[in-house]
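Listed below, chain by chain, are the residues.
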Amino acid sequence: MAKQKICVVTGTRAEYGLLSMVMKELEADQDIQLQVIVTGMHLAPEFGLTYQEIETDDFTIDRKVEMLLSSDTPIGITKSLGLAIISFADVFEQLKPDLIVVLGDRYEILAAAQAALIAKIPIAHIAGGDTTEGAFDEAIRHSITKMSQLHFVTNKEAWHRVRQLGENPNHIYNVGSPGIDRIINLQIMKRSELQQILQFKFLEKNLLITYHPVTLANEPSSQQFKELLAALHNLGPDVGLIFTKPNADPEGRELIRLLDEFVSQHPNSRSYTSLGQLRYFSTIANVDAVVGNSSSGLYEVPSFHKPTVNIGDRQKGRLQATSVITCEPNKTDIDHAIRKAFTMDCSKSINPYGDGNSSKKIVQILKSFRDYKPLIKKHFFRVGGISE
C-alpha cells in the first residue's frame, strides 16, 4: 500500500513553532510521506530567513514558495496573496499531496487553502475556531475553516465555534495546542549560556516584547506601538528589554523602524529578527514577563508560569489563562499592567490549551482515515432549528 502524502505548509517562525512537533510525528510514521512547503516570511532576509531553522531541525523542504513583495501596504499584501495562490497551484500540481495540513490565520495560509480547494486536495486545519477581534486574521481563520475538512481545535470554545460554522461535528477534534508539545520536549538553556548567545546581559528585571501590527484598529499600529515604547522607556534603565521583530503585515516595516530607533537609544535593550524556538522559549523562562500582542503570550507563555501583558484588541476573544493581564494600548495602562506583572505569582496558573500531547493525537486521527478524498464533498450541519 502506497504511503499517504501529507503536506505541511508553513509561512512564519511562530507558526512553525506550533507545527514542528506535528511534523516530527508525521515524519516518524512509516505509513506517511511528509512533504514540507515553506513560504512567506521564512524566505525573506529581512525576517531572518527562518526556513534555515526548519532545515536545522533535519526536515527536508520539498518546495519554497516565494510570494512576499517588498511592500507592507494593503495593496502590496493583497498582491502578495495573489502571487501566492498562483504559486501554490503549481506546487500542488507537482507534489500531488493526498492532504495538506495548515495552521492558524495568516494570509499565506489562506492562499494555500484556496489553491488546495480548487485542486480538490482535502485540508486539515489546526487552531480554527478562535476569535481575534482586533485583526483581519479572524476572517481569514474562519474562511480557512470553511475550506477545510478536518478541524483540530485547541479548546472547547473553539470546538463550538467551528460547529456553529456548519462543520461536521464528527470531524472537529479538541486536541489542544501542539505548541505546548514543543515546550515539554525542549531542554531550556541556562541563563549564562543564553546571555552569551544573545550577547545580552540580563538585569534585575527583564521583559520579552513582541508587538505585531493591529490590522483592524481605527488608529495606526505605529501610534499604539509608540505608546508601548513610551511605557517601556518610563521603566528606566534597570529593566532589560528583549524585542522580537513584528510580522510582515501592514505597517510592519514602520514598526521595525521605530523599534530600531528605540533600541539605538536604550542600552538596556536588544532586538532580534528571530530568536528561533529554543532561544525564544529559553528567553521566556528567564524573563519576568512577556509583553505585547502576540498569540504566543496566550498559547505558550502560561506553560512557563510567567505573566503575559496582552496589549489591545489583537487577541480579543481568545481563551486566556489567569496569568494574562489585558490592558488598553496606552502608555498609562501598559505601565500599570507591567508593574502588576512584576508582582504576580503565576506558579499555579494552568494553560487552558492542553497538556502537551496534541501532536500525537492529530497524527493518530489523520491515520484513522484510509482515504481523504471522500471528505471533499461537505454537508452543512446546522445548529438548532430555523425560526420562520
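As the structure is a computational prediction, the values presented were derived from the model and not from experiment.

(A) Highlighting the overall build of the chain. Each helix and strand counted, the chain has 14 helices and 13 strands in total. Scaling as 2.2 N^0.38, a compact globule of 388 residues should have a C-alpha radius of gyration of about 21 Å, and the chain matches this with 20 Å. Viewed in the frame of its principal axes, the chain has a C-alpha envelope of about 60 × 50 × 40 Å. Of all 388 residues assigned to the chain, the portion counted as buried reaches 57%. The long-range share in the chain, meaning contacts at least 24 apart out of those at least 6 apart in sequence, stands at 70%. Carbon and sulfur atoms provide 51% of the accessible area of the chain, an area that totals close to 16600 Å².

(B) Broad picture of the nonpolar core. With 37 residues, the main nonpolar core has Met23, Leu26, Val101, Ile126, Phe152 and Leu366 as its most contacted residues. Contributions of two or more residues to this core are made by strand 1 (4–10), helix 1 (13–28), strand 2 (32–39), helix 2 (51–56), strand 4 (99–103), strand 5 (123–126), strand 6 (150–153) and helix 14 (358–367). For this core, the element with the most residues is helix 1, which contributes six residues. Once you skip the residues sitting within four places of it in the chain, Leu26 turns out to touch Ile6, Val8, Ile32, Leu34, Val363 and Leu366. The next biggest cluster of nonpolar side chains, apart from the first, holds 28 residues, and it includes Leu259, Ile311, Ile334 and Ile338.

(C) Structural context of the side chain of Thr154. Residue position: Thr154 is located in the loop between strand 6 and helix 6 (156–164). Look past the residues within four positions of Thr154 in its chain and what remains in contact with it is Ala127, Asp130, Asn174, Gly176, Ser177, Tyr299, Pro352 and Tyr353.

(D) Region of interest: the packing of aromatic side chains. Applying the stated criterion across every chain, the model contains ten aromatic pairs. Ring geometry for Tyr280 versus Phe281: centroids 5.7 Å apart, planes at 55 degrees, classification tilted. This pair shows no difference in class: Tyr280 is buried, exactly as Phe281 is. An angle of 35 degrees between the planes, with centres 6.3 Å apart, marks the rings of Phe369 and Tyr372 as tilted. Look at Phe369 and you get buried, because its relative accessible area is 15%. When its relative accessible area of 2% is taken as the criterion, Tyr372 is described as buried.

(E) Seen up close, helix 13 (residues 331–343). The end-to-end C-alpha distance of helix 13, which contains 13 residues, comes to 19 Å, matching closely the 18 Å that a straight helix rising 1.5 Å per residue would cover. Of the residues making up helix 13, those classed as buried are Ile334, Asp335, Ala337, Ile338 and Ala341. Viewed along the axis of helix 13, the buried residues span an arc of 165 degrees, placing them on a single side of the element. Those residues of helix 13 that are exposed and aimed more than 90 degrees away from the buried face are His336 and Thr343. Buried residues along helix 13 sit in contact with strand 8 (205–210), helix 9 (221–234), strand 11 (289–292), strand 12 (308–311) and strand 13 (324–327).

(F) View of the environment of Lys226. Tracing the backbone through its elements, the reader meets Lys226 in helix 9. For Lys226, a relative accessible area of 41% translates into the label partly exposed. For the pair Lys226 and Leu255, spaced 29 residues apart in the sequence, the C-alpha separation amounts to 8.9 Å.

(G) Here's a closer look at the environment of Thr332. As for its position among the elements, Thr332 is in helix 13. Put simply, Thr332 and Ser192 are 140 residues apart on the chain and 34 Å apart in space, counted from C-alpha to C-alpha.

(H) Molecular detail of the pairing of strand 9 (residues 239–244). Among the six residues that make up strand 9, six are buried, leaving the element largely enclosed by the rest of the structure. Here strand 9 shows no split at all, with Val239, Leu241 and Phe243 on one side and Gly240, Ile242 and Thr244 on the other all buried. Across six bridges, the pairing between strand 8 and strand 9 is parallel. Paired with Leu207 across the bridge in strand 9 is Leu241.

(I) Fine view of the pattern of salt bridges. All told, the structure shown has 17 salt bridges when counted by the stated rule. For Glu25, the salt bridge is made with Lys360, and the minimal N-O distance between the two is 3.2 Å. Of this pair, Glu25 sits in helix 1 while Lys360 sits in helix 14, placing them 335 residues apart in sequence. Lys378 is the partner of Glu167 in a salt bridge, and the nearest nitrogen-oxygen pair spans 2.6 Å. Residue Glu167 is located in the loop between helix 6 and strand 7 (172–174), and its partner Lys378 is located in the segment after helix 14; the two are separated by 211 residues in the primary sequence. Here Lys378 falls in the partly exposed class, since its relative accessible area comes to 34%.

(J) The packing of helix 9 against helix 10 (residues 252–265), seen in detail. Interhelical geometry of helix 9 versus helix 10 gives an angle of 20 degrees and a closest axis separation of 10 Å. Relative to helix 10, the element helix 9 is oriented roughly parallel. Of the two possible hands of crossing, helix 9 and helix 10 adopt the one that is right-handed. In contact with Ser221, Ser222, Phe225, Lys226, Leu229, Leu232 and His233 of helix 9, helix 10 contributes Glu254, Leu255, Leu258, Leu259 and Phe262. Its residues assigned to classes, the contact of helix 9 with helix 10 comprises seven nonpolar, three polar and two charged.

(K) Geometry of helix 7 (residues 178–185). With six of eight residues buried, helix 7 lies mostly within the body of the structure. Where helix 7 is concerned, the buried positions are Pro178, Gly179, Ile180, Asp181, Arg182 and Ile183. On its buried side, helix 7 packs onto helix 1, strand 4, strand 5, helix 11 (276–286), helix 12 (296–299) and helix 14.

Thresholds, definitions, all that
Residues numbered from 1 in each chain as written. Predicted model: local features only at pLDDT ≥ 70, side-chain atom pairs only at ≥ 80, totals over all residues. Heavy atoms only, no water. Helix = DSSP H or I, 4+ residues; strand = E, 2+ residues; numbered from the N terminus. Rg over C-alpha atoms; globule rule 2.2 N^0.38 Å. Buried < 20%, exposed > 50% of the residue type's maximum accessible area, 1.4 Å probe, protein only. Contact = heavy atoms within 4.5 Å. Areas by Shrake-Rupley, 256 points an atom, 1.4 Å probe, with all protein chains shown as cover. Core = buried A, V, L, I, M, F, W, Y, C linked by side-chain atoms within 4.5 Å. Phe/Tyr/Trp six-rings, centres within 6.5 Å; stacked < 30°, edge-to-face > 60°. Expected span 1.5 Å × (residues − 1). Arc of directions from axis to C-beta. Pairing = 2+ DSSP bridges. Salt bridge = Lys/Arg side-chain N within 4 Å of Asp/Glu carboxyl O. Axes fitted to C-alpha atoms, helices over the stretch in contact; angles between N-to-C directions. Parallel < 35°, antiparallel > 145°, perpendicular 65-115°, else oblique. Left-handed = near helix turned anticlockwise from the far one by under 90°. Nonpolar A, V, L, I, M, F, W, Y, C, P; charged D, E, K, R; others polar.

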